[in-house]
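Remarks on the overall topology
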Amino acid sequence: MDKDFEILYKKAKELAHKKRLNAFVKYGHVGAALMTDKGNIYTGVAITCACQIGFCAEHSAISEMLKNNESRIVKIVAANSNTPVPACGRCREMIRMINEENMETEVMVSENEIVKIKDLLPYAWTLDTFDK
Ligand SMILES: [Zn+2]
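Values in this document were obtained by computation on a predicted structure and should not be read as measured data.

Here we look at unusual backbone geometry
One non-glycine residue with positive phi stands out, namely Cys-51, at about 65°. Its place among the elements puts Cys-51 in the loop between β3 (41-49) and β4 (53-55). Of note, the phi angle at Gln-52 is positive, near 60°, even though the residue is not glycine. Its place among the elements puts Gln-52 in the loop between β3 and β4.

Some thoughts on the coordination of the zinc ion
Donor atoms from the polypeptide that coordinate the zinc ion comprise Cys-56 (SG), Cys-88 (SG) and Cys-91 (SG), at 2.2 to 2.3 Å from the metal. As a motif over one chain, the donors of the zinc ion read C-x31-C-x2-C. Pair noted here: Cys-56 is in the loop between β4 and α2 (57-67) and Cys-91 is in helix α3 (residues 89-98), with a separation of 35 residues, a long-range link. Of the residues examined, Cys-91 reaches a relative accessible area of 0% and is grouped as buried.

Thoughts on the nonpolar core
Residues Leu-34, Ile-73 and Val-107 are the most contacted members of the largest nonpolar core, which totals 21 residues. With four residues, α2 is the single largest residue contributor to this core. Apart from the residues within four sequence positions on either side, Ile-73 is in contact with Leu-34, Met-35, Thr-36, Ile-62, Met-65, Ile-95, Ile-98, Asn-102 and Thr-105. Among the nonpolar cores identified, the runner-up in size contains nine residues, and Leu-8, Ala-12, Ala-33 and Met-35 belong to it.

Brief notes about the pairing of strand β5 (residues 73-79)
Counting buried residues in β5 gives six out of seven residues, a clear majority hidden from the surface. Here six bridges tie strand β2 (residues 25-36) to β5, and the two strands are oriented antiparallel to one another. In the strand pairing of β5, Leu-34 is matched with Ile-76. Here β5 runs beside strand β6 (residues 106-110); their pairing, made up of two bridges, is parallel. Across the sheet, residue Lys-75 finds its bridge partner in β6, namely Glu-106. The β-α-β motif built from β5, the intervening α3 and the parallel element β6 has right-handed crossover chirality.

What to know about the pairing of β2
Within β2, nine of the twelve residues are buried, leaving the element largely enclosed by the surrounding structure. Relative to β2, strand β1 (residues 19-20) is paired through two bridges, and the arrangement is antiparallel. The residue of β2 that forms the bridge with Arg-20 is Lys-26. Between β1 and β2, which pair antiparallel in sequence order, lie four residues. Pairing of β2 with β3, which is carried by eight bridges, proceeds in the antiparallel orientation. The partner of Lys-26 across the bridge, within β3, is Thr-48. Between the antiparallel neighbours β2 and β3 lie four residues, among them Gly-39 with a positive phi of about 85°.

About the criteria used
- Residues numbered from 1 in each chain as written.
- Predicted model: local features only at pLDDT ≥ 70, side-chain atom pairs only at ≥ 80, totals over all residues.
- Heavy atoms only, no water.
- Helix = DSSP H or I, 4+ residues; strand = E, 2+ residues; numbered from the N terminus.
- Donors = N, O, S within 2.8 Å, 3.2 Å for Na, K, Ca; no water.
- Buried < 20%, exposed > 50% of the residue type's maximum accessible area, 1.4 Å probe, protein only.
- Core = buried A, V, L, I, M, F, W, Y, C linked by side-chain atoms within 4.5 Å.
- Contact = heavy atoms within 4.5 Å.
- Pairing = 2+ DSSP bridges.
- Right-handed = clockwise from strand over helix to strand, strands pointing away.

Pasting the structure below:
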């Protein structure tokens, strides 16, 4: 496994410990870690509230990255406490929309497989097609 992915995967797993905040909210069942083109690492955890409110671990890692004025993700991993969790469709779209170059972002989908966002979104829609 690539050394960067080894570090990101370890960080994502370390964050992935489900905790219950109160009767409405649990968090941390999935952790995420990403690396930017500047080599910085940002992390996040998933939050799930009652009534299907919440967001993925990737979202909170991306928010942390944007707070630091970065948007180019080179590598990203989401994981529960013992295995990678492939990014959901919403996260795939978010990753590529925040920076067009993120179509090249590498995503760990299993311990033995890394794929690019462009491979996970082979027919990504564009604003051109949306406006027609
Ligand atoms: Zn997601």
